[in-house]
There are 2 protein chains.
Amino acid sequence: MANQTLRDTRAAPYVIGMDLGGTKILAAVVDVEGRILAEAKRETRADEGPDYVIKRMAQTARKAARHAGIDWTTVTGVGVGAPGPIDPESGFVYNPPNLPGWDEIALAPRLSEALELPVFLENDVNLGTLGEHALGAGQDTKDMVGIFVGTGVGGGLILDGQLRSGFRHAAGEVGHMIVFADGPVCGCGKRGCLESVASRTAIERDIRLGIAAGRKSLIPKLVREKGRMTSGVLARALRKGDPLTTEVMGRAQWYLGLLTASLVNLIDPEMIVFGGGVVEALGNDFLTPIRVTARQYYIQQAGADRVRIVAAQLGDHAGVLGAAVLARRRTSTDPGVARG
Amino acid sequence: MANQTLRDTRAAPYVIGMDLGGTKILAAVVDVEGRILAEAKRETRADEGPDYVIKRMAQTARKAARHAGIDWTTVTGVGVGAPGPIDPESGFVYNPPNLPGWDEIALAPRLSEALELPVFLENDVNLGTLGEHALGAGQDTKDMVGIFVGTGVGGGLILDGQLRSGFRHAAGEVGHMIVFADGPVCGCGKRGCLESVASRTAIERDIRLGIAAGRKSLIPKLVREKGRMTSGVLARALRKGDPLTTEVMGRAQWYLGLLTASLVNLIDPEMIVFGGGVVEALGNDFLTPIRVTARQYYIQQAGADRVRIVAAQLGDHAGVLGAAVLARRRTSTDPGVARG
């Protein structure tokens, strides 16, 4: 009954935005205004193989529609974010690192068959960027770069209002731009990528190395309370002035500033949006040193304060909202819907 | 008479492409097929101030038209490449480093008045990239990055067939992307920019430091013959197997490979075009190690051999041809001219 009331204030046709992660499947029913009516979540259980996971995805989408109290017939399309490599044109997934055995899987066509709806696939972080552009921090911009700092560092590019997918559908990998030639080994096996010096994994590594070498820190106590070194733990240690955390985080922020400057010097965008767990836990405090470093490294200083470096606004919903925006744009014939 | 014969085989209306450098002004008359009919060159004499230089630019343009044997009335527009910062919309130049005292100069409007023709301004290296895209190495591509290695390192971006100027008209500064955080001091006053480790200036610096420290090299003998350490001298030393030159150039190529990978991981373009004195002197030999390094650092390996890393084709003419393409596109109402 609550859902019924809710539905009446919100506008059909609906789309469903989905996120396929290594551990969980998310689905959200989104109205024409870009508002989430209801969500559903399930474990991915990737080890059971693609057939099983695609069936679970279909169930999760239908469950979200039930939670929203809407008729399935009012849903016009489904957008899906998945880890790359993917091909948005064919809707195929090619061996993503966190979905082992998913080699050349026709994800979008098969989900489309199961749901009897058009399904559109894109890289998950690209869709997070699209979400922030259409419905979050970047709403009034033409050109925007998204940088999401978590266990890795992902990103996406909006140029001239459009998501850039790339020639091989591989664009937006800001985490694997090299900022420190011959620097630390990255998860990708190369050295000196942004991710190797500025991800939460890199921050954790450096804090653990400091502690192992006998440096004093509040971190061990906070980790004992929380169970692991979450972004929240880092934020608390930083707010309490823990010197080791301050130094290690400051270094990560410095590298993020250098990368931001590289992006500005190359693309000259209007806005850089920072999201992900670390940024959410620390907010604007995290961005201030990034802004200071970046600006020092801009090659063109004229108009430097017009380049905005801001925090993401959609939190964990950026991905499903971006997926919904993708589905909305692809299924709509109304050009007014182009902005989501 | 020779010009007369030539003219008859080439097609009016013509455009004039110009390049305003710190030491010389170039002008070329270009036909609808993108062929150069004739050129003219004068010293800039920037110390005489903008009024004087703009008058010289007008004279150089008219001289090129005389050399081509064409009527001035068959020229429909003029494109001008100038060092940034510039504003392509207003046609103003803002204090470029190599034109001292040019603060807020209405270059395009004033040259337009002097020539009684529409004049279009863009960053010089952006126009070199546009030239290579429309008439040189990148003719069959949608997305291309140009990297020009000389005393500095400049560049430009073509995305979806269009030159990217940027939000502040500052895009394409690949030379000031940071590849080696806290590396050598760059000409821009910051550290670790590509230019600080891979320009001819950086190569010269490292060779001189090696020689000063007592390392043996063929370079001093070749420099005595040539007068200075030109790109040709570097190419000869490299071909003769000079160990110091091989090491220093190899390091520069490695950094260029890392930067190429960063560009591919971010933008995922179809082609990277390398131009400039060093590349021209060494050709494909110079590109092979760049290709090897870059490819190792691509985060998405799928389709890696479809990303082409090639040498520029237009040599010193890239800039004036790009300027001509700009003028052609801006003055033409025929969409078929969009490709120059």
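This one's a predicted model, so the numbers in the text were calculated from it and none came from an experiment.

**Student:** I'd like a description of the overall build of chain A, backed by residues and values.
**Tutor:** From N to C terminus, chain A includes twelve helices and twelve strands. For 340 residues, the compact-globule estimate of 2.2 N^0.38 gives 20 Å, and chain A sits close to it at 20 Å. Counting only C-alpha atoms, chain A reaches 60 × 50 × 40 Å along its principal axes. Counting across all 340 residues of chain A, residues that qualify as buried make up 57%. For chain A, the proportion of contacts with a sequence separation of at least 24, taken over those separated by at least 6, is 61%. Split by element, the accessible area of chain A, about 13,500 Å² in all, is 50% carbon and sulfur. Side-chain charges of chain A comprise 39 positive and 37 negative groups, with the mean position of each set lying 7 Å from the other.

**Student:** Any chance you could break down the interface of chain A and chain B for me, citing the residues and the numbers?
**Tutor:** Tallying the contact residues gives 49 residues for chain A and 49 residues for chain B. Both sides together, the interface formed by chain A and chain B hides about 4,200 Å², and carbon and sulfur atoms give 58% of it. Looking at the side of chain A facing chain B, the largest losses of area belong to F167(A), R168(A) and L266(A), adding up to 21% of the total buried there. Here chain A is connected to chain B by four salt bridges. The closest approach of N and O atoms between D143(A) and R164(B), which form a salt bridge, is 3.0 Å. Run the count over chain A and chain B and you get 30 residue pairs in polar contact (both at pLDDT 80 or more). Listing elements by their share of the side of chain A that touches chain B, those giving two or more residues are β9 (153-159), α9 (243-267) and α11 (284-297) of chain A. Among the elements that make up the side of chain A that touches chain B, the one with the highest residue count is α9(A) (ten residues). Of the residues that constitute the side of chain A that touches chain B, the class distribution is 28 nonpolar, eleven polar and ten charged.

**Student:** I'd like a rundown of the pattern of salt bridges, residues and numbers included.
**Tutor:** A side chain with one charge can pair with a side chain of the opposite charge if their charged atoms come near. Scanning the entire structure with this criterion turns up 35 salt bridges over all chains. For D140(B), the salt bridge is made with R308(B), and the minimal N-O distance between the two is 3.6 Å. In this pair, D140(B) is assigned in the loop between α4 (124-135) and β8 (144-149) and R308(B) in strand β12 (residues 308-311), connecting sequence segments 168 residues apart. The partly exposed category is assigned to R308(B), whose relative accessible area is 31%. E204(B) is the salt-bridge partner of R208(B), the closest N and O atoms lying 3.2 Å from each other. Linking R208(B) with E204(B), this pair stays in helix α6 (residues 200-212), spanning four residues, or about one helical turn. A relative accessible area of 19% places E204(B) in the buried class. Salt bridges sharing partners connect three or more residues here, namely R205(A), D206(A), R215(A), E247(A) and R251(A).

**Student:** How would you summarise the relation of the copies chain A and chain B if you had to cite specific residues and measurements?
**Tutor:** Here the two chain copies are tied together by a rotation about an axis and a shift along that axis. Note on the identical chains: chain A maps onto chain B by a rotation of 180° and an axial translation of 0.0 Å, with an RMSD of 0.0 Å. The transformation just described matches what one would write down for a two-fold rotation axis. By residue overlap, the copies meet face to face through one surface: 100% of the interface positions of chain A are interface positions in chain B.

**Student:** Describe the packing of helix α6 (residues 200-212) of chain A against α9(A), with residues and values.
**Tutor:** For any two helices packed against each other, one specifies the crossing angle of their axes together with the interaxial distance. Residue and element names in this part refer to chain A. Interaxial distance between α6 and α9 falls to 10 Å at its minimum, and their mutual angle equals 145°. As α6 runs across α9, the sense of the crossing is right-handed. Contacts from I203, D206, I207, G210 and I211 in α6 reach L244, T245, V248, M249, R251 and A252 in α9. For the contact of α6 with α9, the residue count by class is seven nonpolar, two polar and two charged.

Thresholds, definitions, all that
Residues numbered from 1 in each chain as written. Chains lettered and ligands numbered in written order. Predicted model: local features only at pLDDT ≥ 70, side-chain atom pairs only at ≥ 80, totals over all residues. Heavy atoms only, no water. Helix = DSSP H or I, 4+ residues; strand = E, 2+ residues; numbered from the N terminus. Rg over C-alpha atoms; globule rule 2.2 N^0.38 Å. Buried < 20%, exposed > 50% of the residue type's maximum accessible area, 1.4 Å probe, protein only. Contact = heavy atoms within 4.5 Å. Areas by Shrake-Rupley, 256 points an atom, 1.4 Å probe, with all protein chains shown as cover. Lys, Arg positive; Asp, Glu negative; His and termini not counted. Charge placed at Lys NZ, Arg CZ, Asp CG, Glu CD. Buried area = accessible area lost by both parts, 1.4 Å probe. Salt bridge = Lys/Arg side-chain N within 4 Å of Asp/Glu carboxyl O. Polar contact = N/O pair within 3.5 Å; in protein donor to acceptor, adjacent residues only side chain to side chain. Nonpolar A, V, L, I, M, F, W, Y, C, P; charged D, E, K, R; others polar. Least-squares fit on C-alpha atoms with pLDDT ≥ 70 in both. Axes fitted to C-alpha atoms, helices over the stretch in contact; angles between N-to-C directions. Left-handed = near helix turned anticlockwise from the far one by under 90°.

Any functional reading would require information beyond the geometric quantities listed.
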